[in-house]
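Chain by chain, the residues run as shown.
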Amino acid sequence: MKLSQDQLDAFDRDGYLFFPGLFEPDEVTTLTDAVPSLYARREAFNVREKGSDAVRTNFAAHLYSEPFARLARHPRMVQPVQQLFDDEPLYMHQFKVNGKMAFEGDVWQWHQDYGTWKNDDWMPTERAMNVAIFLDDVNEFNGPLMFIPGSHKKGVIDAKHDLTTTSYPLWTVDNELIAALVERAGGKQDGIVSPKGPAGSMILFHSCLVHASTSNLSPWNRVSVYLSLCAVSNHIRRFKRPGYIAHRDFTPIACLPDDCLLKNHPVELPWKEGMPASALVTASTEPTRQAA
Ligand code: SIN
Ligand code: MN
């Protein structure tokens, strides 16, 4: 899949691209069918909502679930990212299956992902991309992702580490700055946008694009996969967060054929028999920023 000049220009201007219905329903089914058994596991890689059993986010499924391992190598997902990064090899920095379950899915506060990757993981630059793939239809009621178009042009914004609002720590941007960014982006006229569409839709968004989502009070789940692809040369320099959250394997992603989700293309699953103890370890001694 090759991006047109218009799409490249739109990405540069807005900080995101939306591809409604990019994956077919039978491709999406192979992924959605795998979610309940992933969410049922009592493992560190399933972070549950505050005071609830509902899964907020599942980490690293591409290392222990076949359909998600195929998605992590899908050319319709990888190739446009590669094009935006001038064909540089990419590795998987983070892989999440976010629940945002009916009635229980909690908010994601306003933030930039690169803020966390910089502060926690010492990722040198913003040369990493977020990809969201909807496994459920996303509408205005089930907590769609919200973007402030063009906010990626601000670079890294000051953020504070919020450890209390939800069950998951996040570097968040304060309300005053959000109000200014929304005003600058057009205020009530598209200062906030939220791409909505059928299961199988994909969004590519810049790692500095400011985004958030509200809680899900609707009766409809909003399960989405978030893949974060980083240029190999820009790999993280600090292992403060455990390896199941911020990966330490910088091997370039090799794409599978386009029909890999339907043909059950063979894939390796290094964590099939369980997550290794090493994936839970956080660095006790930290390298300097210069050291690789
Ligand atoms: C995220 O920003 O990482 C997740 C947002 C969401 O699932 O709505
Ligand atoms: Mn995010």
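Every value quoted in this text rests on a predicted model; they were computed, and no experiment measured them. (Residues numbered from 1 in each chain as written. Chains lettered and ligands numbered in written order. Predicted model: local features only at pLDDT ≥ 70, side-chain atom pairs only at ≥ 80, totals over all residues. Heavy atoms only, no water.)

(A) Fine view of the overall build of the chain. From N to C terminus, the chain includes 7 helices and 12 strands. Here the chain has a C-alpha radius of gyration of 18 Å; the compact-globule value for 292 residues is 19 Å, and the two agree. Based on the C-alpha atoms only, the size of the chain along its principal axes is roughly 50 × 45 × 45 Å. When the 292 residues of the chain are sorted by exposure, 57% land in the buried category. Summarising the internal contacts of the chain: among those between residues at least 6 apart in sequence, 84% fall at separations of at least 24. Accessible surface for the chain amounts to roughly 12700 Å². Of this, 53% is attributable to carbon and sulfur atoms. Once the 29 positive and 36 negative side-chain charges of the chain are each reduced to a mean point, those two points are 5 Å apart. (Helix = DSSP H or I, 4+ residues; strand = E, 2+ residues; numbered from the N terminus. Rg over C-alpha atoms; globule rule 2.2 N^0.38 Å. Buried < 20%, exposed > 50% of the residue type's maximum accessible area, 1.4 Å probe, protein only. Contact = heavy atoms within 4.5 Å. Areas by Shrake-Rupley, 256 points an atom, 1.4 Å probe, with all protein chains shown as cover. Lys, Arg positive; Asp, Glu negative; His and termini not counted. Charge placed at Lys NZ, Arg CZ, Asp CG, Glu CD.)

(B) Molecular detail of the site of ligand 1. Around ligand 1 lies a shell formed by Lys96, Asn98, Trp108, His111, Leu145, His211, Ser213, Arg222 and Tyr226. Between ligand 1 and the protein, one listed contact pairs an oxygen atom with a side-chain N or O atom of His111 at 3.0 Å. With respect to ligand 1, the side chain of Ser213 contributes an N or O atom lying 2.6 Å from an oxygen atom. Bound to the protein, ligand 1 loses 99% of the 260 Å² it would expose on its own. Counting residues per element, the ones that place at least two in the shell around ligand 1 are strand 4 (90-98), strand 5 (108-111) and strand 11 (211-213). (Near = heavy atom within 4 Å. Polar contact = N/O pair within 3.5 Å; in protein donor to acceptor, adjacent residues only side chain to side chain.)

(C) Region of interest: the side chain of Thr166. Relative to the assigned elements, Thr166 resides in the loop between strand 8 (160-162) and strand 9 (170-172). The buried category is assigned to Thr166, whose relative accessible area is 4%. A polar atom in the side chain of Thr166 sits 3.4 Å from the side chain of Arg56.

(D) Seen up close, the pairing of strand 6 (residues 128-134). Burial of strand 6 is extensive: 7 of the 7 residues sit out of reach of the surface. Note that strand 6 and strand 12 (residues 224-231) share 7 bridges and pair antiparallel. The residue of strand 12 that forms the bridge with Asn130 is Ser228. As paired strands, strand 6 and strand 10 (residues 202-206) are joined by 5 bridges and run antiparallel to one another. Within strand 10, the residue paired with Asn130 across the bridge is Phe205. (Pairing = 2+ DSSP bridges.)

(E) Examining the coordination of the manganese ion (ligand 2) more closely. In this structure, His111 (NE2), Asp113 (OD) and His211 (NE2) serve as the protein donors to the manganese ion (ligand 2), at separations of 2.1 to 2.2 Å. One chain supplies every donor for the manganese ion (ligand 2), spaced along it as H-x1-D-x97-H. Linking His111 in strand 5 with His211 in strand 11, this pair joins segments that are 100 residues apart in sequence. Residue His211 is classed as buried on the basis of its relative accessible area of 4%. (Donors = N, O, S within 2.8 Å, 3.2 Å for Na, K, Ca; no water.)

(F) Layout of the nonpolar core. Counting 56 residues, the largest nonpolar core has Phe68 and Ile133 as its most contacted members. Contact partners of Ile133, with chain neighbours within four places excluded, come to Phe23, Leu71, Met77, Ser201, Met202, Ser224, Val225 and Leu227. (Core = buried A, V, L, I, M, F, W, Y, C linked by side-chain atoms within 4.5 Å.)

(G) A look at the environment of His247. Along the chain, His247 turns up in the segment after strand 12. Through-space distance from the C-alpha of His247 to that of Ala279 is 8.6 Å; in sequence the pair is 32 residues apart. Contacts of His247, omitting those with residues within four sequence positions, involve Ala60, His62, Leu63, Tyr91, Met92, His93, Gln94, Phe95 and Ile236. Here Gly243 takes part through its backbone oxygen, which lies 2.9 Å from a polar atom of the side chain of His247.

(H) Inspection of helix 2 (residues 25-32) at higher detail. Every buried residue belonging to helix 2 is among Glu27, Val28 and Leu31, and all of these are buried. Across the axial projection of helix 2, the buried residues extend over an arc of 95°, all falling on one side. For helix 2, the secondary structure elements touched by its buried residues are helix 3 (35-40), helix 4 (66-71), helix 5 (75-84) and strand 6. (Arc of directions from axis to C-beta.)

(I) How the structure looks around empty space enclosed by the protein. Within this structure, the stated rule accounts for 3 cavities of 30 Å³ or more. Here the largest cavity is characterised by a volume of approximately 110 Å³. Together, Lys96, Asn98, Trp108, His111, Asp113, Leu145, Phe205, His211, Ala212, Ser213, Arg222 and Tyr226 line the largest cavity. Of all the elements in the fold, those that place two or more residues in the lining of the largest cavity are strand 4, strand 5 and strand 11. Of the residues forming the lining of the largest cavity, the biggest block, 3 residues, is contributed by strand 11. (1 Å grid on protein atoms, 1.4 Å probe; cavity = no way out; pocket = protein on both sides within 12 Å on 5 of 7 lines; lining within 4 Å. Points joined across faces, edges and corners; volume = space filled by probe spheres on them.)

(J) Expanded view of the packing of aromatic side chains. For the structure on display, the rule yields 10 aromatic pairs. Between the aromatic rings of Phe45 and Tyr64, the centroid separation amounts to 4.4 Å while the plane-to-plane angle is 20°, which identifies the pairing as stacked. Of this pair, Phe45 sits in the loop between helix 3 and strand 2 (46-48) while Tyr64 sits in the loop between strand 3 (55-59) and helix 4, placing them 19 residues apart in sequence. The lysine or arginine in question, Arg56, covers the ring of Trp108, its NZ or CZ lying 3.9 Å from the ring centre. Lying across the ring of Tyr226, Lys96 places its NZ or CZ 5.5 Å from the centre. (Phe/Tyr/Trp six-rings, centres within 6.5 Å; stacked < 30°, edge-to-face > 60°. Lys NZ or Arg CZ within 6 Å of the ring centre and 35° of its normal.)

Any link to function would need more than the numbers given here.
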